[in-house]
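# Observations on the model geometry
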Amino acid sequence: MSDHMDCRPGCGACCVAPSISSPIPGMPEGKPAGVRCVQLQPDYTCALFGQPERPLVCADFAADRAICGHDRWQALQLLDSMETETQNSP
């Protein structure tokens, strides 16, 4: 069973590790995996949070220990691993 949680302050791993195919303001083609979203602020918050132009995939993301791990570095590793598995799936 998953363990839902609040987003960790200063993380932003979900704005770096996964690819996002939806258009993002400033990134009309989305973003590749491992590339920092242009909307990710220096304090690792989203400049589009709560805004209608925020991609649905971002708005629908829910922090979960299975995805976010125990800290930012573990979240980056887990999300990177999930991205790799998704890209290698038939």
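Read on for an overview of the structure.

Conventions and cut-offs
Residues numbered from 1 in each chain as written. Predicted model: local features only at pLDDT ≥ 70, side-chain atom pairs only at ≥ 80, totals over all residues. Heavy atoms only, no water. Helix = DSSP H or I, 4+ residues; strand = E, 2+ residues; numbered from the N terminus. Buried < 20%, exposed > 50% of the residue type's maximum accessible area, 1.4 Å probe, protein only. Contact = heavy atoms within 4.5 Å. Areas by Shrake-Rupley, 256 points an atom, 1.4 Å probe, with all protein chains shown as cover. Lys, Arg positive; Asp, Glu negative; His and termini not counted. Charge placed at Lys NZ, Arg CZ, Asp CG, Glu CD. Salt bridge = Lys/Arg side-chain N within 4 Å of Asp/Glu carboxyl O. Polar contact = N/O pair within 3.5 Å; in protein donor to acceptor, adjacent residues only side chain to side chain. Core = buried A, V, L, I, M, F, W, Y, C linked by side-chain atoms within 4.5 Å.

## Considering the overall build of the protein chain
- Secondary structure summary: the protein chain contains three helices and zero strands in total.
- Within the protein chain, the proportion of its 90 residues that are buried is 31%.
- Counting only contacts in the protein chain whose residues sit at least 6 apart along the sequence, the fraction spanning at least 24 positions is 47%.
- Carbon and sulfur atoms provide 57% of the accessible area of the protein chain, an area that totals close to 5900 Å².
- Taking the average location of the 6 positive side-chain charges in the protein chain and that of its 11 negative ones, the two points are 6 Å from each other.

## Structural notes on the environment of Gly30
- By the secondary structure assignment, Gly30 is in the segment before helix 1 (56-60).
- When its relative accessible area of 10% is taken as the criterion, Gly30 is described as buried.
- Excluding residues within four positions of it along the chain, Gly30 makes contact with Ile20, Ser21, Ser22, Pro23 and Ile24.

## Regarding the side chain of Arg72
- With respect to the helices and strands, the residue Arg72 is situated in helix 3 (residues 72-87).
- For the buried Arg72, which has no salt bridge, the nearest side chain bearing the opposite charge is Asp71, at an N-O separation of 8.9 Å.
- Looking at Arg72, its side chain comes within polar contact range of the main-chain oxygen of Cys11, at 2.4 Å.
- The contacts of Arg72, once residues within four sequence positions are left out, are Arg8, Gly10, Cys11, Ala13, Val16 and Tyr44.

## Re the environment of Trp73
- Summarising the element assignment, Trp73 is placed in helix 3.
- When the C-alpha atoms of Trp73 and Cys11 are compared, they prove to be 8.5 Å apart, with 62 residues separating the residues in sequence.

## Focus on the nonpolar core
- Counting 14 residues, the largest nonpolar core has Ala13, Ile24, Cys37 and Leu76 as its most contacted members.
- In contact with Cys37, other than residues within four places in its own chain, are Cys15, Ile24, Met27 and Lys31.

So far we have only geometry, and geometry alone does not tell us how the molecule works.
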